[in-house]
Structure formats: structure tokens, C-alpha cells
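Remarks on the overall topology
These are the residues of each chain, in order.
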Amino acid sequence: MKALVWHGKQDIRCDTIPDPEIEDPKDAIIKVTSCAICGSDLHLFHNYIPAMMPGDVIGHEMMGEVVETGSDVSKLKKGDRIVIPFTINCDECDQCRRGNYSLCERSNRNKAMADKVFGHATAGLFGYTHLTGGYQGGQAEYLRVPFAEGTHIPVPDSLTDEQALFLGDIFPTGWQAAVQCDIQPTDTVAIWGAGPVGQMAIRSAILLGAKQVVAIDRLPERLSMAEAAGAITINFEDESVVERLNDLTQGKGPEKCIDCVGLEAHATGHIDSMMDRVKQATMMESDRPHVLREMIYVCRGAGVLSIPGVYGGLVDKIPFGMAMNKGLTFRMGQTHVRRWTKDLTRRIEEGQIDPSFVITHTARLEEGPGMYRTFEQKNDSCIKVMLKP
Amino acid sequence: MNIASTLVTSRPDRSLTLTDRVARGLGWFSLGLGLAEIVAPGKLGRALGLEGKETLLRAYGGREIGAGIWALSDTPAPAIWARVAGDIVDLGTLAAGLRGGDDSQRRNAFIALAAVGGITLVDLLTAMSLSAETTENKGETGRDYSDRSGFPGGADKARGAARDFKTPAEYRSTPVEEPKRVSGELEPA
């Protein structure tokens, strides 16, 4: 089969590799009908997240049709159309039973290594380093789905691939980011980063009834998409984020702040972001946390910081004293995808939201490596790439 | 299409172009050369007729290491242009070496001059190619997506449409009751 294979930093190729096979009675194999490039794939593309190996198949946003099931799989049958969440869930462990699917205790097959690095292992993820199990990703023609009975989202016939695909990651990720804020009708929610997850967080905050939602980015195409949903926008290259947010909140700052940027914050005119860039290039710091610093500074006392943006390792100069004295609450984590997807599927079916709005580019799988460059460099006003194997 | 853009050799099934690979090679070369200039400036100086200029060579070494690290980052184009500028400085310094020293040193300086001339050409073509790649692939920027609300019923109708959602207990943080008001204004305790 054809698959997008990671060969090293910024080196992804469309290779021909052996088809996946059932390895465990709980497995299923799907024929991938649609997949997408996620913003967090770019962290792997740039090799900022450790433990990728040459030959790994990348991709964790995918859906398709079941073509084969293991002997222990009874809830799925050939021909079923499903979205695959990026987190692999056993559905039986303590964390899965609590709904903390991204912390599944059984799906990470490299648990010993992950225990050493994280203290306690997190769930297995598709196409996202050997620290999360080293599973093959879904930017491919076929995918093996471990623990298939727990690791799928049924797709109603009424939804197209374009409407359903993002149930596997970015829609529930944006949703969880907003839910973690416990949004009240009086809240101002500030969202840093108007990429795909940011766009979903903006719409989730609006659906959940925030008084005002503010989107912060520098790219006009992203800001126009944010405005389309009813967000107030701040171009951080044109104006001070802190001053504008204080103006919008009578000097008090937003109650809720969401970081949809993560470890590759753009180097702005701020000295700290330039220092981060130098330190990251010289391996003195793994992540560039400018957004975290700015959120801590501008957030209203007793506010909430929600962090769906991916961080990979060590961050420097975090003003923790400021956070402590302001009594801020931090909520973060990989998304517990399946905790939200039944509700979100209903909301798509009812027409509250149509996540396909975010797709700006569609290409064949073979064109995927080139689309990584397009997405990375924000060429051609690219916000979200959907790939068709 | 100019000579620089022909070096890009962009293929949709590969994310790295030939130019990217050459830029990385130049980055590693920069690191190696920089290290040599910092660790053994005396030896290099004697060989090239630049005796007494060890401090200058060490400074050049620092410059090379900086350019090397930058060239190996995900935005190598400015680093390769910086290398072109550095090459010109190096050529000037080596030309000075041609005027002094013995025959052997002048011969070495001439060989080094020719080598740096060759590297300068590679640097220049790579820098031009990286810049061409950036320009040619840019496409239409700033496209207007203001017709993409994502709300089939309209943005106004969407606001608060999911208020039926019950926030799980572990994510609740806001007091249910509104804070008490005194004389219409909130007052600190």
C-alpha cells in the first residue's frame, strides 16, 4: 500500500510499504477513505517531539471502511464506516472507565519507555512517536486499528467524510479546550492561534455561549475565518495583544484563555520569543512557550488557562509566581476524544455546526509530502489539508 | 524559470527538495569548519599565511557555527545568505594571505581561495534556490474565508446553541451564583 513515511526532519515521502495485517484478535483493518494533516504532525515534521524512527507511518486523523476484523471484535463488521480517534482506547482500564481516554493504561505498548519519560505512560496514539506506542499512522491506504471495539466512532450515513473526519481529533480537541474553561454567559474567551484547532475552539466557545470570543493570530486568512464565526480578532503583528484584551474587558483581562499554538509559537517582536527561537535551535530548550507566558500575564485573576496546544518537553522562564499569585487554574492534556464524540456527532447531524468549513485544500495521498510543505509554510492561504488515499 | 529555481526539483511525493538537502550539507560543513577555526586557529593561520590573526579566525569560527546551526533549522534561507556574505569576507581575508608568507603559504592560500570560491558559488545558488522556492510556492496569501462560518444556521443563531451541554464536574470552576453587588458596582472585599 501507499503511505506517508517519516524519514527524518522535514523529510516525509510517499512510499510503498506492506499492507497491515491483523496482529491481535481485538484488531480491525480499515481502508482509509479520508485523512488529514494535523498541526501537531508539523511538530513531528520538524522533529521537535522525540522518538520518531525512520520508516514510521505518520498521521492520526483518518476515517474509512472496515475491511477485516479480529476474532474478538463483534461490534464492527466489514463495510462499517468509522472515524478513528487519535487515541487508542482499551475501554476497560481505570482511566478509560473514567472517560480519560488519552490516558488509557493498556494501549501504549512502549509503556516501560513512556513511564521513564513521563513518570506514567499515556495512551497509545496513531503515528505519533514510539513514546506513545510506535503505532503506524493513518496517512495511508490501510490502517490497523488496535482495540478496535473501543477505538472507533460510528459515522451516520447522513454525514459526508468532510463533515465526519474531524470527529477524530480537531473538533473534539477544540471542544474539550472550551469545555475545560467551563464557559459562562459573561465570559470573554481569548484564543491564541486560529489554525484548525483554534477554529474549532472558537466555534465551540461560541456554541457554549461565551459573551465574546477573541481570536489571536497574524495571518489574514485565518483571522477572516475566525471572524466568519463571530469572533473578535487581534493581529498580533499589528497591535498589542495585552492592551487590546484589556480594552475589550474593561481592563480586567479575559476570564478564560485557550492556547491553540503549543510548542512552536511564532517569533514575534517580543524578546522572549526571539530568545526561545535561539534556545530551541541550540537545543537549550525544546519548546517555545511565548503564548503560555502571555496568557498567564493577561488572564484575569482566578481565571482558567486551557491548553490543547501540544508541548513536547521543557519550557523556560514560565512566570509561575504570577500564575500562583493570581490563582489561575491550568487545564490541559491530549483530548479524550470519545468522551465527546457522541454528543458532537449529534450536533453535526442537527446542523449546529459543520466542521468541513475548515478544509481549504484537498489532495491525493501521493501529494501529501508536498502538502506538508504547503501547510508548514502557510502557502496558498492553507489552513487544513484533507488527503484522499 | 531561472537557474536557481531549476535546482528546487520539487516533487509532490517528497517533502525535501534537492536544495533543502544541499542547505543541510552546508549547515554541517559550517559547523565543522567553525569548530576547526575555533579549536586550531594557529595551525590554520600558519597554513594560509595568516599568522597572528588567530583572534580573527576564532571570530570567523563563531560566525560559521552560528550560520551552521541556523542552516540546520527549519528556516535555512537567511542562514545560507549569511554564509554568502561570510564567504565574501573570507575571500578578502584569504586574498590578503596571498600577499605575505612564503611560497608554500601563498600556494595554500591560493588553494583555499579557489575552494572558498567554489563554496561561494554553491552557497549563492542554494540561497537563490531557497528564495525562489519560497517565492514560487507562496501562492495566494491572505485569502478571504469570511464565508466559512461553519454554522449552517448562521453565526448569530449558533451563539449559545450548545448551552444544553453540562460541564463535567471536574471541569467546573466558576461559582454558580453571581457575585453580590453593592450600589450597582462590584466592590472589593
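Cut-offs used in this document
Residues numbered from 1 in each chain as written. Chains lettered and ligands numbered in written order. Predicted model: local features only at pLDDT ≥ 70, side-chain atom pairs only at ≥ 80, totals over all residues. Heavy atoms only, no water. Domains from an automatic or database assignment. Contact = heavy atoms within 4.5 Å. Buried area = accessible area lost by both parts, 1.4 Å probe. Disulfide = S-S within 2.5 Å. Buried < 20%, exposed > 50% of the residue type's maximum accessible area, 1.4 Å probe, protein only. Core = buried A, V, L, I, M, F, W, Y, C linked by side-chain atoms within 4.5 Å. Pairing = 2+ DSSP bridges. Helix = DSSP H or I, 4+ residues; strand = E, 2+ residues; numbered from the N terminus. Axes fitted to C-alpha atoms, helices over the stretch in contact; angles between N-to-C directions. pLDDT = per-residue confidence, 0-100. Right-handed = clockwise from strand over helix to strand, strands pointing away. Parallel < 35°, antiparallel > 145°, perpendicular 65-115°, else oblique. Left-handed = near helix turned anticlockwise from the far one by under 90°.

Some words on the domain arrangement of chain A
Residues and elements named next belong to chain A.
- Per the domain assignment, the segments of chain A are domain 1 (2–169 + 335–388) and domain 2 (171–332).
- Here the C-alpha centre of domain 2 lies 25 Å away from the C-alpha centre of domain 1.
- Of the residues lining the interface, 31 residues belong to domain 1; the matching set on domain 2 comes to 23 residues.
- The three residues of domain 1 that bury the most area against domain 2 are Y48, F357 and I383, which together make up 26% of that side's buried surface.

As for the state of the cysteines
Residues and elements named next belong to chain A.
- Scanning the model with the defined rule gives zero disulfides over all chains in all.
- Of the cysteine sulfurs around C96, a residue in no disulfide, the closest is that of C104, at 3.7 Å.
- The exposure class assigned to C96 is buried, which follows from its relative accessible area of 3%.

Regarding the nonpolar core
Residue and element names in this part refer to chain A.
- Ranked by internal contacts, the top residues of the largest apolar core, which has 102 residues, are F166, W175, I202 and L387.
- Among the domains, domain 1 (2–169 + 335–388) and domain 2 (171–332) are the pair contributing at least three residues each to this core.
- Within the second largest apolar cluster, 21 residues are counted, among which are V241, C257, V291 and I296.

What to know about the sheet that holds strand β13 (residues 304–307) of chain A
All names here are of chain A.
- One open sheet accounts for six strands, arranged β11-β10-β9-β12-β13-β14; its pairing is parallel. Taken across any chain shown, the strands that pair with only one partner, and hence form the sheet edges, are β11 (232–235) and β14 (329–332). Going across the sheet, the axis of each strand differs from the next one's by a mean of 20°, ignoring polarity.
- With four bridges joining them, strand β9 (residues 188–192) and strand β12 (residues 256–259) adopt parallel strand pairing. Bridging from a neighbouring strand, A190 pairs with C257 of β12.

Quick notes on the confidence of the model for chain B
- Residues at a pLDDT of 70 or more form 85% of chain B, whose mean pLDDT is 85.
- Here helix α1 (residues 3–6) of chain B is the element of chain B with the lowest mean pLDDT, 50, and helix α7 (residues 155–158) of chain B is the one with the highest, 95.

Here's the deal with the pairing of β11(A)
All names here are of chain A.
- Strand direction decides the pairing type here: strand β10 (residues 212–217) and β11, joined by four bridges, are parallel. Within β11, the position partnered with V214 by the bridge is I232.
- Crossover connection from β10 via helix α7 (residues 220–228) to parallel β11: handedness right-handed.

Describing the packing of helix α4 (residues 54–71) of chain B against helix α5 (residues 77–99) of chain B
Residue and element names in this part refer to chain B.
- Direction vectors running N to C along α4 and α5 enclose 160°, while the axes themselves pass 9 Å from each other. Taken together, the axes of α4 and α5 lie roughly antiparallel to each other. For the crossing formed where α4 meets α5, the hand is left-handed. Contacts between α4 and α5 involve L56, Y60, R63, E64, A67, W70 and A71 on the former and, on the latter, P78, A79, I80, R83, G86, V89, D90 and T93.

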